[in-house]
Amino acid sequence: MIEPEAMHYEFPKEGKVVLTFRGPDSMLAELSHYPDAVIIWRPADTEVWATTSDGRCEQIAGFGDNPAPGLDTRGKPLEQPAKQLLERLFYNESGPNGPSR
């Protein structure tokens, strides 16, 4: 999953995938690992590209014509960080003041 827009990318069953982040704050991208998934937390205006070992390259998040609400250019700012909000709502992670699981 690529957050905050909940885009989905299926990793190949065998082989390697190189993730590339392009944008002004691309070095701030974060990954959360789960047993059956990797959650990519992309900063505002950051494109995410996946390249497989066979050379196929595709953009998997951060499209200019499909901005994430409140995150990409011209969006209304969120009241709290997207990662904190989405982890609490969808991934059962506690916030900074909530109980841990």
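Everything discussed here concerns the structure shown above.
Numbers given to residues run from 1 along each chain, matching the order in which its sequence is written. Restriction of local features to residues with pLDDT of at least 70 applies here, the model being predicted, together with a cutoff of 80 or more for giving and counting side-chain atom pairs; totals for whole chains, interfaces and linings are based on all residues. Working from all heavy atoms in the structure, the side-chain values ignore hydrogens and water.

**Student:** Outline the overall build of the protein chain, listing residues and values.
**Tutor:** Secondary structure assignment for the protein chain yields 1 helix and 6 strands. Starting at the N terminus, helices and strands are each numbered in turn, a helix being any DSSP run of H or I of at least four residues and a strand any DSSP run of E of at least two. Overall, the protein chain shows an N-to-C arrangement of helices and strands of β-β-β-β-β-β-α. Relative to its 101 residues, the protein chain shows a buried fraction of 31%. Residue pairs at least 24 apart in sequence account for 56% of intrachain contacts in the protein chain once pairs closer than 6 positions are excluded. In these tables, accessible area is a Shrake-Rupley quantity obtained with a 1.4 Å probe, and a residue counts as shielded only by the protein chains included in the view. Per element, the accessible surface of the protein chain, about 7000 Å² overall, is 53% carbon and sulfur. Exposure categories follow from relative accessible area, calculated using a 1.4 Å probe and restricted to protein chains: below 20% of the type maximum is buried, above 50% is exposed, and the middle band is partly exposed. The contact criterion used is simple: two residues touch if any of their non-hydrogen atoms lie within 4.5 Å.

**Student:** Mind laying out the sheet that holds strand β2 (residues 17-22), listing which residues take part and the relevant values?
**Tutor:** A pair of strands is labelled paired if DSSP reports no fewer than 2 bridges between them. Strand order in the open sheet formed by 3 strands is β2-β5-β6, with antiparallel pairing between adjacent strands. Of all the strands in the sheet, the pair left with one neighbour each is β2 and β6 (57-61). Direction aside, the axes of adjacent strands within the sheet are offset by 30° on average. Pairing of β2 with strand β5 (residues 47-52), which is carried by 6 bridges, proceeds in the antiparallel orientation. When the bridges of β5 are listed, Thr20 appears paired with Trp49. Fitted lines through C-alpha atoms give the axes, limited to the stretch in contact for helices. The angle between two N-to-C directions lies from 0 to 180 degrees.

**Student:** Summarise the side chain of Glu5; cite the residues concerned and give the values.
**Tutor:** Mapping Glu5 onto the fold places it in the loop between β1 (2-3) and β2. Here Glu5 falls in the buried class, since its relative accessible area comes to 17%. A polar atom in the side chain of Glu5 sits 2.9 Å from the side chain of Arg42. Counted as a polar contact is a pair of N or O atoms within 3.5 Å, where, for protein atoms, one must be capable of donating a hydrogen and the other of accepting one, and residues adjacent in sequence contribute only when both atoms are in side chains.

**Student:** Tell me about the pattern of salt bridges, residues and numbers included.
**Tutor:** For salt bridges, the criterion is a side-chain nitrogen of Lys or Arg within 4 Å of an Asp or Glu carboxyl oxygen. This model, assessed by the stated rule, comprises 2 salt bridges. Between Arg42 and Glu5 there is a salt bridge, and its shortest N-O distance comes to 2.9 Å. In this pair, Arg42 is assigned in the loop between β4 (37-41) and β5 and Glu5 in the loop between β1 and β2, connecting sequence segments 37 residues apart. An identical accessibility class is assigned to Arg42 and Glu5; each is buried. For Glu58, the salt bridge is made with Arg56, and the minimal N-O distance between the two is 3.3 Å. On the accessibility criterion, Glu58 (31% relative accessible area) is partly exposed.

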